[in-house]
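Listed here are the chains, written in short residue letters.
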Amino acid sequence: MSPIAINAGEFRHVVELLKPVQTRLDLGENQATTWELDSVARAKVTPGAVSTETTGEQIELQEATTFEMRFHRGIDSTWRVRYLDETFDVVSAVNVEEANRLTQLVCEKVTR
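Fair warning: this is a prediction, and the values are worked out from it, not measured in the lab.

**Considering the side chain of H13**
Moving on, step 1. Following the sequence through the fold, H13 ends up in strand β1 (residues 13-24).
Moving on, step 2. Polar side-chain contacts of H13 include one of 3.0 Å to the side chain of Y83.
Moving on, step 3. Beyond its immediate sequence surroundings of up to four residues, H13 is in contact with A41, R42, A43, V45 and Y83.

**A short note on the nonpolar core**
Moving on, step 1. Within the largest apolar cluster, 15 residues are counted, with the highest numbers of intra-cluster contacts made by V15, L17, F67, M69, V81, L105 and C107.
Moving on, step 2. Mapped onto this core, the elements with two or more residues apiece are β1, β2 (31-55), β3 (58-70), β4 (80-83), β5 (86-95) and β6 (102-109).
Moving on, step 3. For this core, the element with the most residues is β2, which contributes three residues.
Moving on, step 4. Apart from residues lying up to four places away in sequence, F67 is in contact with V15, K44, V45, V81, Y83, F88, T103, Q104, L105 and C107.

**A few points about the packing of aromatic side chains**
Moving on, step 1. Applying the stated criterion to the full structure yields two aromatic pairs.
Moving on, step 2. Arranged with centres 6.0 Å apart and planes meeting at 75°, the rings of F67 and Y83 form a pair that is edge-to-face. Taken together, the positions of F67 in strand β3 and Y83 in strand β4 put the pair 16 residues apart, joining distant regions of the chain.
Moving on, step 3. For Y83, a relative accessible area of 14% gives the class buried.
Moving on, step 4. Judged by its relative accessible area of 0%, F67 falls in the buried class.
Moving on, step 5. Ring pairs connect the aromatic residues F67, Y83 and F88, which therefore count as one cluster.

**Section: the pattern of salt bridges**
Moving on, step 1. Per the counting criterion, the structure on display carries five salt bridges.
Moving on, step 2. For R82, the salt bridge identified is with E16, shortest N-O distance 2.4 Å. Placement of the pair is R82 in strand β4 and E16 in strand β1, with a sequence separation of 66 residues.
Moving on, step 3. For R82, a relative accessible area of 33% translates into the label partly exposed.
Moving on, step 4. By relative accessible area, E16 is classed as partly exposed at 24%.
Moving on, step 5. The salt bridge partner of E36 is K19, with a shortest N-O separation of 3.8 Å.

**Points about unusual backbone geometry**
Excluding glycine, residues mostly have negative phi values, and the peptide bonds linking residues are mostly trans.
Moving on, step 1. In the Ramachandran plot, E98 falls in the positive-phi region, its phi being about 55° despite a non-glycine side chain.
Moving on, step 2. Here E98 lies in the loop between β5 and β6.
Moving on, step 3. Among the residues examined, E98 registers a relative accessible area of 66% and is labelled exposed.
Moving on, step 4. Positive phi, normally seen in glycine, also occurs at N100, with a value near 55°.
Moving on, step 5. Relative to the elements of secondary structure, N100 occurs in the loop between β5 and β6.

Conventions and cut-offs
- Residues numbered from 1 in each chain as written.
- Predicted model: local features only at pLDDT ≥ 70, side-chain atom pairs only at ≥ 80, totals over all residues.
- Heavy atoms only, no water.
- Helix = DSSP H or I, 4+ residues; strand = E, 2+ residues; numbered from the N terminus.
- Polar contact = N/O pair within 3.5 Å; in protein donor to acceptor, adjacent residues only side chain to side chain.
- Contact = heavy atoms within 4.5 Å.
- Core = buried A, V, L, I, M, F, W, Y, C linked by side-chain atoms within 4.5 Å.
- Buried < 20%, exposed > 50% of the residue type's maximum accessible area, 1.4 Å probe, protein only.
- Phe/Tyr/Trp six-rings, centres within 6.5 Å; stacked < 30°, edge-to-face > 60°.
- Salt bridge = Lys/Arg side-chain N within 4 Å of Asp/Glu carboxyl O.

Laid out in structure tokens, this is it:
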């Protein structure tokens, strides 16, 4: 296995990694998900391909954006990424080559 070369100049964008936190709304069982800042990272941002998803008679266009950064343990598909003034849902988080050096996040823009 060859070592992964990391060019620090590629990681020029600042992103915020947000993890979900369950918050109780009142004294009852009602809970809501809020987003807590876990960390700030530098990343390479690559806008991706647009895919289409058909639901009933509607067609939705989904654009996947890839964020590549130094390894960050614990990120999964429940997390979010904030970049510039936009928020993205993490679709997949990959430890590149299982080497604990790079994390690649494939994300979709939050439209809600």
